[in-house]
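The lines below spell out each chain.
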Amino acid sequence: MDKHEGREAGTIRLDDPWYDALAVGWGEGAEAVPPRPAPADRGAPSASDIYLEVQRSAAFQEVRGRYRRFVVPATAGFLLWYVAYVIAATAAPGLMARPVVGSFNVALLAGLGQFLSTFLLTWAYSRHARLRRDSAALDLRWTVFERERGQERSRTGRGEER
């Protein structure tokens, strides 16, 4: 590994919200023991208190509601479409064997429709998540990160930036 100006190339900023202390050193041959946090003051909320407060917030409930309003109907619709295909294939073989275009019959087109609907549902889910949930969820994540960072600063007694 090459060394660059300043920090070593392999170092990670500890104030990075994507930093996972439990995963550092995993699979690298050495057992990394994450540092234990100092006992929290009674005045400062603990990490679990912060997460519970965010979970009870209106913003979190809105994100969960948006998720459920898409996933529940989409899952029900897809399962009904799949069960209808299976039932039609077993209960109405004459209907499924009916030719549509050339050598393509109803069963083959319905089976290809299953694949197409899977891809369309995946596209719709990712679009829905990107447009209606991702930014709100990221805001919640940053809120938690900032609260935990403030808690850590108050616990160590430092109020200034590193």
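Residues numbered from 1 in each chain as written. Predicted model: local features only at pLDDT ≥ 70, side-chain atom pairs only at ≥ 80, totals over all residues. Heavy atoms only, no water.

1. Things to note about the pattern of salt bridges
Step number 1: According to the stated counting rule, one finds four salt bridges in the structure shown.
Step number 2: Of the charged contacts in the structure, one is a salt bridge between Glu-53 and Arg-147, with a shortest N-O distance of 3.2 Å. Of the two residues, Glu-53 sits in helix α1 (residues 47-56) while Arg-147 sits in helix α4 (residues 106-156), which places them 94 residues apart along the sequence.
Step number 3: Exposure remark for Arg-147: the relative accessible area of 29% places this residue in the partly exposed category.
Step number 4: Here Glu-62 makes a salt bridge to Arg-69, at a shortest N to O gap of 3.4 Å.
Step number 5: On the basis of relative accessibility, which here comes to 34%, the residue Glu-62 falls in the partly exposed class.
Step number 6: A relative accessible area of 55% places Arg-69 in the exposed class.
Step number 7: Residues joined by salt bridges that share partners form a network here, namely Glu-62, Arg-66 and Arg-69. (Salt bridge = Lys/Arg side-chain N within 4 Å of Asp/Glu carboxyl O. Helix = DSSP H or I, 4+ residues; strand = E, 2+ residues; numbered from the N terminus. Buried < 20%, exposed > 50% of the residue type's maximum accessible area, 1.4 Å probe, protein only.)

2. Examining a nonpolar patch on the surface
Step number 1: Together, Val-100, Val-101, Phe-104, Leu-108, Leu-109, Leu-112, Phe-115 and Phe-119 make up an exposed nonpolar region whose accessible area comes to about 790 Å².
Step number 2: Within the residue set of the nonpolar patch, elements represented by two or more residues are β1 (99-101) and α4.
Step number 3: The element best represented in the nonpolar patch is α4, accounting for five residues.
Step number 4: We classify Leu-108 as partly exposed; its relative accessible area is 39%. (Patch = residues over 30% accessible without salt bridge, like charges linked within 9 Å, V, L, I, M, F, W, Y side chains within 5 Å. Areas by Shrake-Rupley, 256 points an atom, 1.4 Å probe, with all protein chains shown as cover.)

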